[in-house]
Amino acid sequence: MSKVCFASARAKKWKYEDSMPGKLEILLKEFHVSNYFEPREWVAVKTHFGSEGAHRIVRPIFLRKVVDALHSIGAKPFVTDTVRIKGLDYLEVANQNGINHLSVGAPVILADGLYGHDNLMVKAGEILGEIAVSSVIHDVPAMVVCSHIKGHIQAGYGGAIKNVAMGGVSSRHRDCGWKCGRGAMHTLGEGILSWDKEKCELCYQCMEICPLDVIKFVNEELQWDSNECWRCGRCERVCQSDALSLPGNDDRFMRSLAEAAKAVLSTFKANKVIYINFLTEIQPECDCMPVADVPVIQDQGIMISDDIVAIEQASVDFLLKAAPLPQSVIEEKSIVSGDDILLKLSEKPYHIQIEESERLGLGSRNYELIELA
Ligand code: SF4
Ligand code: SF4
């Protein structure tokens, strides 16, 4: 049975050891990171840099603690993420969200280059075939996956699987473009974006959120550049009038997340990746949206494990037991205690990504929870 170590977010004593950074230090020490990483070994600390306006990410103080723990055993860590918007802009987002070399104590780099197409094709599975894994994550021998737990408009739940799958893969490949990248998970076939003029309220949110500026409105008609579009799906997700749609399928999307995660993790030897889930500031949406709404579930704590499936199942089990937070979007959705909050928010079968990851051999949903702090 896989072990998941946990530290609660509650602070009951006025001591540093009872703070969240202090508890993370204890978790890292008790988990014996030296069992996984070697002196002088390069270790990627994979996180999500957030976006302009989405500040509820894994805070830099926590990344610093992870980096310090790796330095203490002589390893050489760096903090990284793949490009979500134009590379230079994404580094500036990281900086504005407090993630830079000075704050985290290690270099902060883009995992797939400034243009987001430094990657290698890796065998994935029945749905995706092959997928473009970022070159840095492909080549680095070891990784600590630091994931902010939250809801997600398409995945329902965003945790370690999504961080590894979407976050370890590029938006596009030099030769086969979006069809070999994240877009292959988001959409089907040619991924043609359809626009319903009758439903469109000309709010222009789709145009404003597009990371590539490939949506324009001319004489109140939407124009879209199919060749340049990454099929990231952001435009569809922010449209509150159902005027945009990319062809997709929830079941396929969840399973493709598991496949992509498997492809990314296949580039590592055994026992070279560990996972830290931060069940904090659990907001309804992905960290790549232009806002971070108020949390829908109270902070639960921090988990660490070497089993991606076990830590995801443990995280979800905590969320299922949690009460919905008042003064949040919960109230607009009439969600009450006992409900599956994330399921009711998104109406997406998020559990499939965990079940499929187990079926693909990435880990076990049976776990032992060890409360360390
Ligand atoms: S899917 Fe939409 S937001 Fe994403 S690149 Fe294409 S047009 Fe832009
Ligand atoms: S987000 Fe939707 S409603 Fe707003 S302009 Fe775009 S298509 Fe129209």
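Please read these numbers as outputs of a predicted model, since none were measured by experiment.

A. Local environment of the overall build of the protein chain. For the protein chain, the helix and strand inventory stands at 13 helices and 16 strands. For the protein chain, the C-alpha radius of gyration of 20 Å lies close to 21 Å, the compact-globule estimate for 373 residues. On the principal axes, the C-alpha backbone points of the protein chain span a range of 60 × 45 × 40 Å. Here the protein chain holds 373 residues, and the buried ones make up 53% of them. By sequence separation, contacts in the protein chain at least 24 residues apart represent 76% of the contacts at least 6 residues apart.

B. Inspection of the packing of helix α6 (residues 160-168) against helix α11 (residues 308-321) at higher detail. One can describe the packing of α6 onto α11 by two numbers: an axis separation of 8 Å at closest approach and a directional angle of 130°. In terms of orientation, α6 and α11 fall into the oblique class. Contacts from Ala 160, Ile 161 and Val 164 of α6 reach α11 at Ile 308, Ile 311 and Glu 312. Class assignment for the residues of the contact of α6 with α11 results in five nonpolar, no polar and one charged.

C. How the structure looks around unusual backbone geometry. Here the phi dihedral of Tyr 204 falls at roughly 65°; this positive angle occurs in a residue that is not glycine. Along the chain, Tyr 204 falls in the loop between β10 (194-195) and α8 (205-209).

D. The packing of α11 against helix α13 (residues 351-359), seen in detail. For the pair α11 and α13, the least separation of the axes is 9 Å and the interaxial angle reads 155°. With respect to α13, the axis of α11 lies roughly antiparallel. Between α11 and α13 lies a crossing whose hand is left-handed. Between α11, through Ile 308, Val 309, Glu 312, Gln 313 and Val 316, and α13, the contact on the second element is made entirely by Ile 354, Ser 357 and Glu 358.

E. Up close: the sheet that holds strand β7 (residues 142-148). On the basis of which strands lie adjacent, the open sheet formed by eight strands has the order β4-β3-β2-β7-β14-β15-β1-β16 and mixed pairing. One side of each edge strand has no neighbouring strand; the edge strands of this open sheet are β4 (108-110) and β16 (367-371). Shown here is a sheet whose adjacent strand axes are inclined to one another by a mean of 25°, direction ignored. As judged from the five bridges shared by strand β14 (residues 273-279) and strand β15 (residues 301-305), these two strands associate in the antiparallel manner. Note that in β15 the partner of Leu 279 across the bridge is Gly 301. Packed onto the sheet, α11 meets β1 (2-8), β14, β15 and β16 and runs at close to 10° relative to β14.

F. The arrangement of the nonpolar core in detail. Judged by nonpolar contacts, the single largest core of 102 residues is most densely connected at Val 66, Ile 131, Ala 260 and Ala 261. Those residues in contact with Ala 260 that lie beyond four places of it in its chain are Ala 124, Leu 128, Ile 131, Ala 165, Val 169 and Met 185. Cys 229, Cys 232, Cys 239 and Leu 246 belong to the second largest nonpolar core, which has 14 residues in total.

G. Summary view of the environment of Glu 52. Residue position: Glu 52 is located in the loop between β2 (42-46) and α2 (60-72). In this structure the C-alpha to C-alpha distance between Glu 52 and Ala 155, which are 103 residues apart in sequence, comes to 21 Å. Those residues within four positions of Glu 52 in sequence are excluded, and the remaining contacts are Val 93, Gln 96 and Pro 290.

H. Examining the pairing of β14 more closely. Across the seven residues of β14, seven count as buried, placing the element largely inside the fold. Here β7 pairs with β14 via six bridges, running parallel. Looking at β14, one finds that Val 145 is bridged to Tyr 275.

I. Layout of the domain arrangement of the protein chain. One can read the domain layout of the protein chain as domain 1 (2-183 + 249-371) and domain 2 (189-245). A C-alpha centroid distance of 28 Å is found between domain 1 and domain 2. Tallying the contact residues gives eleven residues for domain 1 and nine residues for domain 2. Tallied by class, the residues present in the side of domain 1 that touches domain 2 amount to four nonpolar, three polar and four charged.

J. Just the pairing of β15, in detail. Among the five residues in β15, five count as buried, and that is most of the element. What you see with β15 is no split at all: Gly 301, Met 303 and Ser 305 on one side and Ile 302 and Ile 304 on the other are buried throughout. Direction of pairing for β1 relative to β15: antiparallel, over a ladder of five bridges. Each residue of the ladder has a partner; that of Val 4, found in β15, is Ser 305.

K. Just α2, in detail. The first and last C-alpha atoms of α2 sit 18 Å apart over 13 residues, in line with the 18 Å expected at 1.5 Å per residue. Inspection of α2 places Pro 60, Phe 62, Leu 63, Lys 65, Val 66, Val 67, Ala 69 and Leu 70 among the buried residues, and these make up the whole buried set. The elements touched by buried residues of α2 are α1 (20-31), β2, β3 (76-81), α4 (101-104), β7 and β14.

L. Local environment of the environment of Asp 139. Take Asp 139: it is sitting in helix α5 (residues 135-139). Separated by 73 residues in the primary sequence, Asp 139 and Leu 212 place their C-alpha atoms 27 Å from one another.

M. Inspection of α6 at higher detail. Along α6, nine of the nine residues are buried, which leaves the element largely enclosed by surrounding structure. Of the residues making up α6, those classed as buried are Ala 160, Ile 161, Lys 162, Asn 163, Val 164, Ala 165, Met 166, Gly 167 and Gly 168.

Rules of the game
- Residues numbered from 1 in each chain as written.
- Chains lettered and ligands numbered in written order.
- Predicted model: local features only at pLDDT ≥ 70, side-chain atom pairs only at ≥ 80, totals over all residues.
- Helix = DSSP H or I, 4+ residues; strand = E, 2+ residues; numbered from the N terminus.
- Rg over C-alpha atoms; globule rule 2.2 N^0.38 Å.
- Buried ≥ 20, exposed ≤ 12 C-beta atoms within 10 Å, placed from the backbone.
- Contact = placed C-beta atoms within 7 Å.
- Axes fitted to C-alpha atoms, helices over the stretch in contact; angles between N-to-C directions.
- Parallel < 35°, antiparallel > 145°, perpendicular 65-115°, else oblique.
- Nonpolar A, V, L, I, M, F, W, Y, C, P; charged D, E, K, R; others polar.
- Left-handed = near helix turned anticlockwise from the far one by under 90°.
- Pairing = 2+ DSSP bridges.
- Core = buried A, V, L, I, M, F, W, Y, C linked by C-beta atoms within 7 Å.
- Domains from an automatic or database assignment.
- Expected span 1.5 Å × (residues − 1).

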